[in-house]
Amino acid sequence: PWEGEVRPAAVVSEALQKMMLTLKGFFMSMDGSKVDYKAMGNSELFAEYVRASAELVRLTDVSALSEEERFCFFLNCYNALTIHGLALFLPSSPLAIAAFWKTTAYDIGGTVFSLDHIEHGVLRANAKHPVYLTRSFKSGDPRLALSMRALDPRLHFALNCGSNSCPAIMVFAAHNVDRALRGAASSFLEQEMAIDRQRSTLTMSMILKWYMVDFGDSVPALLRFALPYLDEQHRADAQWALDAFEAGKGPRVVWRKYDWQLNNVDLSEFHAGELDLEQLSRSSCQSASAGGGGGCSSSLSLYTGTESVTSRSLRGSLPVPENASVVSVASTATSLDGRRSDGAVSASSMPFAHATRSDLD
């Protein structure tokens, strides 16, 4: 567990932002679209991030953050949690890990937040899941207090799911989040929205189809949303398509096939002999652990969704590292609203723990 003093959420958020930026600088492509998961997962710098992330368990004042600060905090938590979970297992695709988004979670202030909880419950203002058509947080759930007051659709250009077709990985700060989101929206839409006037086709990312409701629930509404974020040429094409839809002669919509392969890359040739990662990680950890913490461990919790999972049975389905602390927890580790139950095994005391599926429903 985290052994340092309890620091304000704003301070912890800023420290983790810096560590994420450092990881991005050394283990991700320049545009943030690819990650060298193997090199990162084996680095001392990543180990320091894992230890520093345990401080999330001790946070008690996330609700005291401003709306912009809370938005950035959970955006960064989502992207860090995705990278954290994938680096542990190195799957060929996030889909290779059963129910990855429902079962990969951080313990934040003693409360479980899975990737789905963060995206749909917090960032999408507790909107219905596009597949399950249910809300992450039910009435009375204390996590509702952390949900955004309004849904900003640009979040879909800021969340990285670990696959080739996902938006690039970014690190967000409250003081310039609007500018960063505008940039992310422009980059994604100009790349993922292609209009061929001669063939009268409009080709778009599946992300825009899955979350159409967030953009106005129609293709014309999506085009109207996109216009301010496009450069002159793309804007002219989008306006042509919008005019055609409004005239009842809209182009044929084609949804681009989604590439779910892991956004993995080998960056070793770019770093060999150039960096002292051990020294860098020490300085980065000192920044993140200025509160005097030591001997901390990760707050990552990977829930398998089975009543009791042993190391033997888990290794039969997932590539768990031999030195991983895999445990079997037959008793309930969290209550239905995400709070810890008495006698539970704390996820922060090991790299990842397991609990029943009902814990995350």
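Look up a bit, the structure's there.
One structure accompanies this document, and this report is about it. Quick caveat, the model's predicted, so the values are computed rather than measured.

**A short note on the side chain of Asn 263**
Within the secondary structure layout, Asn 263 lies in the loop between β5 (252-256) and α11 (268-271). When sequence neighbours within four positions are dropped, the list of residues in contact with Asn 263 reads Ser 33, Lys 34, Val 35, Tyr 37, Asn 160, Gly 162, Ser 163, Asn 164 and Ile 169.

**Brief notes about the state of the cysteines**
Per the stated rule, a full pass over the model turns up 1 disulfide. Between the sulfur of Cys 161 and that of Cys 166 lies a disulfide, 1.8 Å long from S to S. One quick way to see it: the torsion about the S-S bond of Cys 161 and Cys 166 is about 45 degrees, and its sign makes the bridge right-handed. Assessed through its relative accessible area of 9%, Cys 161 is described here as buried. Of the residues examined, Cys 166 reaches a relative accessible area of 10% and is grouped as buried.

**Brief notes about the packing of helix α1 (residues 9-27) against helix α3 (residues 44-53)**
For the pair α1 and α3, the least separation of the axes is 11 Å and the interaxial angle reads 160 degrees. As summarised for this structure, α1 and α3 are arranged roughly antiparallel, according to the angle between their axes. The crossing of α1 and α3 is left-handed. Listed contacts from α3 to Leu 16, Met 19, Met 20, Thr 22, Leu 23 and Phe 27 of α1 are Leu 45, Phe 46, Glu 48, Tyr 49, Ala 52 and Ser 53.

**Some remarks on helix α4 (residues 67-89)**
Look at α4: 34 Å from first C-alpha to last across 23 residues, which is about the 33 Å you get at 1.5 Å a residue. Of all 23 residues in α4, 21 are buried; the element is thus mostly enclosed. Leu 90 sits one or two residues past α4 and shows a positive phi near 45 degrees.

**Some thoughts on the sheet that holds strand β3 (residues 193-196)**
Here we have 3 strands laid out as an open sheet, ordered β3-β4-β5, and mixed in their pairing. Of all strands in the sheet, those with a lone pairing partner are β3 and β5, marking the two edges. The average angle at which neighbouring strand axes cross in this sheet is 20 degrees, direction not considered. Where β3 and strand β4 (residues 201-205) come together, 4 bridges link them in antiparallel fashion. Within β4, the residue paired with Asp 196 across the bridge is Thr 201. Most of the contacts of helix α10 (residues 232-246) go to β3, to which it runs at about 70 degrees, and overall it touches β3, β4 and β5.

**Examining α10**
With 15 residues, α10 should reach 21 Å at 1.5 Å per residue; the first-to-last C-alpha distance of 21 Å fits that figure. Along α10, the positions that sit buried rather than exposed are Asp 237, Ala 238, Ala 241, Leu 242 and Ala 244. Seen from one end, α10 has its buried residues packed into an arc of 160 degrees, which puts them on one side. Of the residues in α10, the exposed ones pointing more than 90 degrees away from the buried face are Glu 232 and Glu 246. Of the surrounding elements, those touching the buried residues of α10 are β3 and α9 (219-226).

**Some details on the pattern of salt bridges**
In the structure shown here, the tally under the stated rule is 14 salt bridges. Ionic pairing is found between Arg 154 and Asp 178, a salt bridge with its closest N-O pair at 2.9 Å. In this pair, Arg 154 sits in the loop between α6 (115-123) and α7 (177-192) while Asp 178 sits in helix α7, placing the two residues 24 residues apart along the sequence. Linked through salt bridges whose partners overlap, the residues forming this network are Glu 44, Glu 48 and Arg 51.

**Observations concerning the environment of Leu 16**
Note on placement: Leu 16 falls in helix α1. Taking the relative accessible area as the measure of exposure, Leu 16 reaches 8% and is therefore buried. As for Leu 16 and Cys 77, which are separated by 61 residues in sequence, their C-alpha atoms are 8.9 Å apart. Residue contacts for Leu 16: discarding those within four places in its chain leaves Tyr 49, Ala 52, Ser 53 and Leu 56.

Rules behind the numbers
Within each chain, residue numbers correspond to sequence positions counted from 1 in written order. Selection of residues for local features in this predicted model requires a pLDDT of at least 70, selection of side-chain atom pairs for listing and counting requires 80 or more, and totals for whole chains, interfaces and linings are taken over all residues. Hydrogens and waters are ignored; side-chain quantities use all the structure's heavy atoms. By definition, any uninterrupted DSSP run of H or I lasting at least four residues is a helix, any uninterrupted run of E lasting at least two residues is a strand, and each is numbered from the N terminus. A contact between two residues is defined here by any heavy atoms of the two lying within 4.5 Å. Throughout, disulfides are identified as pairs of cysteine sulfur atoms within 2.5 Å of each other. To sort residues, take the accessible area from a 1.4 Å probe on protein chains only and compare it with the maximum for the residue type: under 20% means buried, over 50% means exposed, and anything in between is partly exposed. Between the N-to-C directions of two axes lies an angle of 0 to 180 degrees, each axis being a line fitted to C-alpha atoms and, for a helix, fitted only over the stretch in contact. Working rule for angles: under 35 degrees goes down as roughly parallel, over 145 as roughly antiparallel, 65 to 115 as roughly perpendicular, anything else as oblique. Definitions for this section: a left-handed crossing has its near helix turned counterclockwise from the far helix by less than a right angle. A right-handed crossing has that turn clockwise. Expected span of a helix: the number of residues minus one, times 1.5 Å. In this scheme, strands are said to pair when DSSP sees at least two bridges between them. Comment: arc refers to directions from the helix axis out to C-beta atoms. Basic side-chain nitrogens of Lys or Arg form a salt bridge, by our definition, when they fall within 4 Å of a carboxyl oxygen of Asp or Glu.

Note that all results are geometric; they support no functional claim without further evidence.
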